[in-house]
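Per-entry structural report
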Amino acid sequence: MAFLIQETEGKAGIKIRIDSPRFRIGRGNDNELCLDDELVSKLHAIIEAVEDPHREGAFQYYLQDQQSTNHTFVNGEPVSLYRLGHDDQIGIGLSQFRFVDDAHDDLEETLQIQKSWIPGLYYAKKKKRKKAKKPKRGGKSS
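The structure contained in this document is the topic of the report that follows. (Residues numbered from 1 in each chain as written. Predicted model: local features only at pLDDT ≥ 70, side-chain atom pairs only at ≥ 80, totals over all residues. Heavy atoms only, no water.)

Notes on a nonpolar patch on the surface
On the surface, Trp117, Ile118 and Leu121 cluster together into a nonpolar patch covering about 380 Å² of accessible area. Mapped onto the fold, Leu121 is located in the loop between strand 12 (111-115) and strand 13 (122-126). Using a relative accessible area of 42% as the deciding quantity, one classes Leu121 as partly exposed. (Patch = residues over 30% accessible without salt bridge, like charges linked within 9 Å, V, L, I, M, F, W, Y side chains within 5 Å. Areas by Shrake-Rupley, 256 points an atom, 1.4 Å probe, with all protein chains shown as cover. Salt bridge = Lys/Arg side-chain N within 4 Å of Asp/Glu carboxyl O. Helix = DSSP H or I, 4+ residues; strand = E, 2+ residues; numbered from the N terminus. Buried < 20%, exposed > 50% of the residue type's maximum accessible area, 1.4 Å probe, protein only.)

Printed below as a string of structure tokens:
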């Protein structure tokens, strides 16, 4: 499946799993994602998961605005129907979300905190990946 990651000031926050074929977003309490925001319509948008005909077990995700008063935005542009791609930015009311498709999520890119030479100063750096050991060659053949 996929996720929406709420972003505030460019920083990732809450991670919301899209766990139903029709994932409703809006101000109404009966939505899968309920946003307490007066700029959001009762039923603002729907994300629909459709099985990908070209890849078994994979899904395509479509975002459809439900004729909302203040529109639904993808990558800064208003949309009525849009096929979502990994890392698309979705704007609904005052909320910003990043769409993450599990098929493209690289969990090996975890950052690691490093201590700098300046006392009390730390920074984040990509982990070094361990190289696979090559099998030893040679030896006697029978």
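Having seen the structure, we can now continue with the description.
What about the packing of aromatic side chains?
The description of an aromatic ring pair uses the distance of the two centres, along with the angle that the planes make with each other. Within the structure shown, the criterion is met by two aromatic pairs. Linked through ring pairs, Phe59, Tyr61 and Phe99 together constitute an aromatic cluster. Above the plane of the ring of Phe3 lies Lys15, whose end atom (NZ or CZ) is 4.3 Å from the centre. (Phe/Tyr/Trp six-rings, centres within 6.5 Å; stacked < 30°, edge-to-face > 60°. Lys NZ or Arg CZ within 6 Å of the ring centre and 35° of its normal.)

Brief notes about the pairing of strand 11 (residues 95-101)
Counting buried residues in strand 11 gives five out of seven residues, a clear majority hidden from the surface. Where strand 1 (residues 2-8) lies against strand 11, six bridges are found, and the strand directions are antiparallel. For Glu7, the partnering residue across the bridge sits in strand 11 and is Gln96. Between the antiparallel neighbours strand 10 (residues 89-92) and strand 11 lie two residues, among them Gly93 with a positive phi of about 60°. (Pairing = 2+ DSSP bridges.)

Section: the environment of Leu84
Mapped onto the secondary structure, Leu84 falls in strand 9 (residues 81-84). We classify Leu84 as buried; its relative accessible area is 7%. Note: C-alpha distance between Leu84 and Ile47 (37 residues apart in sequence) is 8.9 Å. Not counting the four nearest positions on each side in its chain, Leu84 is found in contact with Ile47, Tyr61, Leu63, Val74, Ile90 and Phe99. (Contact = heavy atoms within 4.5 Å.)

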